[in-house]
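Letter by letter, the chains look like this.
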Amino acid sequence: MIAWLVVAAVAIAAASGVPGLFLPRSSSVGERVAAGMLAIAAALAFIAIGHVVWTGLPAELSLAWAVPGAAFAIRLDGLAAFFLAPILGISALGAIYGLEYWPQARHPENARQLRLVYGLIVAGLATTTLAANALLFLAGWEVMTLAAFIAIGTEDHLPGTRAASYLYLVSTRAGTLCLFAMFALIYATTGSLALAPMDAIAPARASGIFILALLGFGLKAGVIPLHIWLPSAHAAAPSHVSALMSGVLIKIGIYGLVRTISLLPDPPAWWAVLLIALGMSSGALGVAFAIGQHDLKRLLAYHSIENIGIILLGIGVAVLGRSAHRPELMVLGLAGGLLHVWNHSLFKGLLFLSAGAVIHACGTREIDQLGGLFSKMPRTSALFLIGAVAICGLPPLNGFISELLVYLGLFSAAGSGDASASLAPSLAAAALALIGGLALACFVKVLGAAFLGHPRSEKVAGAHDGGGLLIVPMGILAVCCGVIGLFPSSVGRFLDRAVASFAPGGHSPKIASLAPLDNLTIVFALLLACSGAAGFALLFRIRRGVTASGPTWDCGYAAPAARMQYSSSSFAEMLVGLLHWVLRAKVHRERVTGFFPRSTRFESHVDDTVLDGLVRPSLTVAGDWLGRLRWLQPGSLHLYLLYVVLALVFGLVWARGVHP
Amino acid sequence: MKLVETATHVIVAVVLPPLLLGIIVKVKARFAGRVGAPLLQTYRDVWKLLQKGSVFSTTTTWVFKAGPVVSLAAVMVAALVMPLGSHPAPISFAGDAVLFAYLLALGRFFTIAAALDTGSSFEGMGAAREATFSALAEPALFLGLMMLARKSGSASLTAMLGPGLADAWVNNGGALVLVVVSFFVVLLAENSRLPFDDPNTHLELTMIHEVMVLDHGGPAFGMILYGAALKLFILGALVARLLTPVSTGNEWLDWIVFVVAISALAALVGVVESIMARLRLLHIPRLLVAASIISVFAIILTR
């Protein structure tokens, strides 16, 4: 019954874009139907998730499927429910936002196509989390991957967009290849394609599966150095698609990784060390690259890489706990990592949607073309501020809660064992602290350059807040950030169920017994009370005294102009300089000569070091060599079908030879 | 009993902070051969500012007013999780050390945002420096906390600075010395003291904290001044407790020990400010990274 409810939700989501296809381009009925269907899908799924989380009983369904080795087997347990909730929730809010952001009336040429693939992405993601069979998993995975390719390329008349979507397609093919290899290895080991615990499995095989999972799922999650597709794809897609991609699509990589590790027997410690090292590098380098960006959405995209790093740190601690048989480490690390999955989808969704509202109003993604938005777009700006505070992990919002859980795991891991064992968690905690400090610098830079101060260009002149369809979805996300922050114990049960699905034997300590969730509510109430009291006192004193207004202090210079403000690149200059060894910022400037120099220009940008410094050059070399085989790919379909048949026949003959 | 202790904690934390600034100024004046401002001058300054009128730039929005409010509220709550001397903090739980650090970060976020709200390039400079240097100071603070957590087996400041500290000095004195050095550097950096920032400078181009609050005046600036004193007080309490890991058994005697210790620490800050020149801005990151590395050595040395 519950399982059918989820299947219905997925089917409704998948079909949400279809009615619009049969309606004329001028009609706006299709878009409302699509948003309504996604909202219904979310409501149905939430009922099922609520049931699974409250009863603790997984919902299962298994139907025959004619494909060999495949079964239409779904299983909604605590872990799947945990990932399913943001998929349906964020996508419904994004679809409502899309009614005003990407309306049929203004985008008749591609809005129907976008809604179709939007629904398919959601359905693909949901199928992937639900699948209990490898082929069903891959089917969902491929639907999601290919639909996202089309969604990224929505504005493919722009040159950058097309390049971004192809880069995504190529990278994701490589990732899927790793997943095929991983499932083949699983099949070769267990003789089954069901996603079930693999108990008796040789350690070498387990490690092989783990490495392939790390490559395949890491590519989707955007773990450095596998992140090359992520920044441009997030920047090119329409903002509500960016919110969906950053909020939930890349998390499916995390889901796959966590699920795979949960099926494997107790891991060796080096898996944990590898995960923690990857988490540290993704987190620190992700935020470092973000600081160098001038494009609002590209900057947010690099922050997704940073947050994936934080999530990996949590998972690393959990794996460490499982390998050392320390359940408290496992619970703290996994709960921190998983809660950060939720939190990131909430605040990054909020940030992408508010960035979209700004782009909608001003027509540019350049941070240094914005400025002064707090007076022009007060609601959007305030919502962005909330998202910025949350993503920096600052109290009293949700980002702090998940980072605190990861910290507690790291403190607890460092607290025992000899000095050498405590060094890795200590360095990880220091890295997390550095990531937090750099994220603060980066977001305060965006806030200052894009939202505060004087407008930096005429583009801001006519900007104003969007309508309710833009504001309300952002408001809901902001409220969720506040609720999880102020009442962290409200998500305790969700976390407990998800962790239980990961724990061997399904038994694990409750998160509330390991982390001071209720104390935080008290402290944060105190913080709000202090802020309120101080704010009231300040306003009272200001009202009692004489108040004057005038220009900002200009040190006596008579004609300050908006262009003299500190720009986003001047704010970041010092950090970009300190991180030059990895960022390799490109600076173009003309020499200034003479007493009365001519007008000049200055430009600096930080490109992706991994993509432009490593992947592109090596692929160019490889392309030169492999070009000799290009005659194999003439671009005609019938020849490709012939290849498929030949490969199949070869495979069958070979299989007969191996198992006569 | 708990109530009396909490009340004493709050009263000490509310009353004492401006005195520390007075001590620093006095010590610096004595080094320069001057008499210096009275010890209680900061109290008078805060009081005077609260009575004054305000001037607001037409560029600013509510974020400008939220800056001093939120940063003061954040350090006030942070003061409640920091134990003073051998007395446990009124609020303590596993992970309050992390909360402490992140509350300071919350205050910093809003201070920087308020500075950028003015649209002044000078305040932008100060904001960029503050954001850069404090990001580099975070790892040093956390590595030190990690060492204390390892020693005490807890992620709570009250336990880290509790009765076990005297033992830790006996067993692991070397590592603790390194942590104290690292924390002292963090204290100077976080509170914008020399050699990181000169609170007395009068040139906007060279300042960090003072330039960020150039446009604040009247009651708002009074709150900033008091908040800065409180921040110095709570970070000072951390270092002072590490240096006086004693408990006399008598509660009121312990309070006296604490007040003497933190006053001595303020005097030490004054001495440092008197005998050191300001570092070049470009050299500041090196000192902060060095503080982190010192903390890593402390962790390696911890048994």
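Here is what the cut-offs are and how they apply
- Residues numbered from 1 in each chain as written.
- Chains lettered and ligands numbered in written order.
- Predicted model: local features only at pLDDT ≥ 70, side-chain atom pairs only at ≥ 80, totals over all residues.
- Helix = DSSP H or I, 4+ residues; strand = E, 2+ residues; numbered from the N terminus.
- Rg over C-alpha atoms; globule rule 2.2 N^0.38 Å.
- Buried ≥ 20, exposed ≤ 12 C-beta atoms within 10 Å, placed from the backbone.
- Contact = placed C-beta atoms within 7 Å.
- Nonpolar A, V, L, I, M, F, W, Y, C, P; charged D, E, K, R; others polar.
- Pairing = 2+ DSSP bridges.
- Expected span 1.5 Å × (residues − 1).
- Axes fitted to C-alpha atoms, helices over the stretch in contact; angles between N-to-C directions.
- Parallel < 35°, antiparallel > 145°, perpendicular 65-115°, else oblique.
- Left-handed = near helix turned anticlockwise from the far one by under 90°.
- Core = buried A, V, L, I, M, F, W, Y, C linked by C-beta atoms within 7 Å.
- pLDDT = per-residue confidence, 0-100.
- Arc of directions from axis to C-beta.

## Here's the deal with the overall build of chain B
Item 1. Scanning chain B for helices and strands turns up twelve helices and one strand.
Item 2. In sequence order, the secondary structure elements of chain B are arranged as α-α-α-β-α-α-α-α-α-α-α-α-α.
Item 3. Its C-alpha atoms give chain B a radius of gyration of 19 Å, near enough to 19 Å, the size a compact globule of 303 residues would have.
Item 4. The principal-axis extents of the C-alpha atoms in chain B amount to approximately 55 × 40 × 40 Å.
Item 5. When burial is assessed residue by residue, chain B has 63% of its 303 residues classed as buried.
Item 6. In chain B, 79% of the contacts between residues at least 6 apart in sequence involve partners at least 24 apart.

## Observations concerning the overall build of chain A
Item 1. A count of helical and extended segments in chain A gives 26 helices and five strands.
Item 2. In summary, chain A has a C-alpha radius of gyration of 26 Å against a globular reference of 26 Å for 660 residues, a match within 12%.
Item 3. For chain A, the residues scored as buried account for 55% of the 660 residues in total.
Item 4. Contacts in chain A between residues at least 24 apart in sequence constitute 79% of all its contacts with a sequence separation of at least 6.

## Let's talk about the interface of chain A and chain B
Item 1. Tallying the contact residues gives 63 residues for chain A and 72 residues for chain B.
Item 2. Every element with two or more residues in the side of chain A that touches chain B is listed here: helix H15 (373–376), helix H17 (398–414), helix H18 (419–451), helix H22 (517–544), strand E3 (547–550) and helix H23 (568–578) of chain A.
Item 3. When residues in the side of chain A that touches chain B are grouped by element, the largest group, 16 residues, is from H18 of chain A.
Item 4. The residue inventory of the side of chain A that touches chain B, partitioned by class, reads 42 nonpolar, 20 polar and one charged.

## Remarks on the pairing of strand E1 (residues 54–57) of chain B
Item 1. Of the two faces of E1 of chain B, only the one carrying Ser54 and Phe56 of chain B is buried; Val55 and Ser57 of chain B on the other face are not.
Item 2. Pairing of E3 of chain A with E1 of chain B involves four bridges; the strand directions are parallel. Opposite Thr547 of chain A, over in E1 of chain B, you have Ser54 of chain B as the bridge partner.

## Quick word on unusual backbone geometry
Item 1. Each neighbour pair has its own omega, and for Ile224 of chain A with Pro225 of chain A the value is 10°, a cis peptide bond.
Item 2. You can see Pro225 of chain A is positioned in the loop between helix H8 (203–221) and helix H9 (230–236).
Item 3. Residue Pro195 of chain B is reached from Leu194 of chain B by a cis peptide bond, and omega for that bond is 5°.
Item 4. Mapped onto the elements of the fold, Pro195 of chain B is located in the loop between helix H8 (164–190) and helix H9 (209–212).
Item 5. Its identity as a non-glycine residue notwithstanding, Arg584 of chain A has a phi of 50°, on the positive side.
Item 6. Following the sequence through the fold, Arg584 of chain A ends up in the loop between helix H24 (580–583) and strand E4 (586–589).
Item 7. With 15 C-beta atoms counted inside 10 Å, the residue Arg584 of chain A sits in the partly exposed group.
Item 8. We note that Ser192 of chain B has phi near 55°; this positive angle belongs to a residue other than glycine.
Item 9. Residue Ser192 of chain B is classed as buried on the basis of its C-beta count, with 23 C-beta atoms lying within 10 Å.

## Things to note about helix H10 (residues 218–243) of chain B
Item 1. A rise of 1.5 Å per residue sets the reference length of H10 of chain B, with its 26 residues, at 38 Å; its end C-alpha atoms lie 37 Å apart and thus fit the reference within 8%.
Item 2. Within H10 of chain B, 25 of the 26 residues are buried, which leaves the element mostly enclosed by the surrounding structure.

## A closer look at the packing of helix H16 (residues 378–391) of chain A against helix H19 (residues 468–486) of chain A
Working note: a packed helix pair is described by the angle between its axes plus the distance between those axes.
All names here are of chain A.
Item 1. Where H16 meets H19, the closest approach of the two axes is 10 Å, and the angle between their N-to-C directions is 30°. One element, H16, and the other, H19, form an angle in the roughly parallel class. For the element pair H16 and H19, the recorded crossing hand is left-handed. In contact with Arg379, Leu383, Ile386 and Ala390 of H16, H19 contributes Ile471, Met474, Gly475, Ala478 and Cys481.
Item 2. Tallied by class, the residues present in the contact of H16 with H19 amount to seven nonpolar, one polar and one charged.

## Structural notes on the nonpolar core
Item 1. Judged by nonpolar contacts, the single largest core of 364 residues is most densely connected at Ile121 and Cys481 of chain A together with Ala78, Met82 and Phe109 of chain B.
Item 2. Among the elements that make up this core, the one with the highest residue count is H18 of chain A (22 residues).
Item 3. With sequence-adjacent residues up to four places away left out, Cys481 of chain A is seen in contact with Leu346, Phe347, Leu350, Ile386, Ala390, Leu397 and Asn398 of chain A.

## Remarks on the confidence of the model for chain B
Item 1. Here chain B averages 91 in pLDDT, and 99% of its residues register 70 or above.
Item 2. Both scores are given for the predicted complex: the pTM is 0.95, the ipTM 0.95.

## With respect to the packing of helix H5 (residues 111–130) of chain A against helix H6 (residues 134–152) of chain A
Residue and element names in this part refer to chain A.
Item 1. The N-to-C vectors of H5 and H6 enclose an angle of 155°; their axes lie 7 Å apart at closest approach. The orientation of H5 relative to H6 falls into the category roughly antiparallel. The handedness of the crossing between H5 and H6 is left-handed. Contacts between H5 and H6 involve Gln113, Leu114, Val117, Tyr118, Leu120, Ile121, Ala123, Gly124, Leu125, Thr127 and Thr128 from the former and Leu136, Phe137, Ala139, Gly140, Trp141, Val143, Met144, Ala147, Ala148, Ile150 and Ala151 from the latter.
Item 2. Of the residues assigned to the contact of H5 with H6, the class counts are 17 nonpolar, five polar and no charged.

## Describing the environment of Pro245 of chain B
All names here are of chain B.
Item 1. If you trace the backbone, Pro245 turns up in the loop between H10 and helix H11 (251–275).
Item 2. Residue class for Pro245 comes out partly exposed when judged on the 18 C-beta atoms lying within 10 Å of it.
Item 3. Between the alpha carbons of Pro245 and Met147 there is a distance of 16 Å; along the sequence they are 98 residues apart.
Item 4. For Pro245, the residues in contact, after removing those within four places along its chain, are Leu165, Ala166 and Trp169.

## A few points about the environment of Gly485 of chain A
All names here are of chain A.
Item 1. For Gly485, the location among the structural elements is in helix H19.
Item 2. Take Gly485: there are 23 C-beta atoms within 10 Å of it, and that puts it in the buried class.
Item 3. For Gly485 and Leu528, which are 43 residues apart along the polypeptide, the C-alpha to C-alpha distance reads 12 Å.

## Let's talk about H19 of chain A
Residue and element names in this part refer to chain A.
Item 1. When the terminal C-alpha atoms of H19 are compared, their 26 Å separation across 19 residues agrees well with the 27 Å that a helix rising 1.5 Å per residue should span.
Item 2. Listed in full, the buried residues belonging to H19 are Leu470, Pro473, Met474, Leu477, Ala478, Cys480, Cys481, Ile484 and Gly485. Down the axis of H19, the sector holding all buried residues measures 150°, keeping them to one side.

## Examining the environment of Ala237 of chain B
Residues and elements named next belong to chain B.
Item 1. One can find Ala237 in helix H10.
Item 2. On the basis of neighbour count, Ala237 is assigned to the buried category, with 25 C-beta atoms found within 10 Å.
Item 3. Residues Ala237 and Met82, spaced 155 residues apart in sequence, show a C-alpha to C-alpha distance of 7.6 Å.
Item 4. Apart from the residues lying within four places of it in its own chain, the contact partners of Ala237 are Met82, Leu84 and Ile262.

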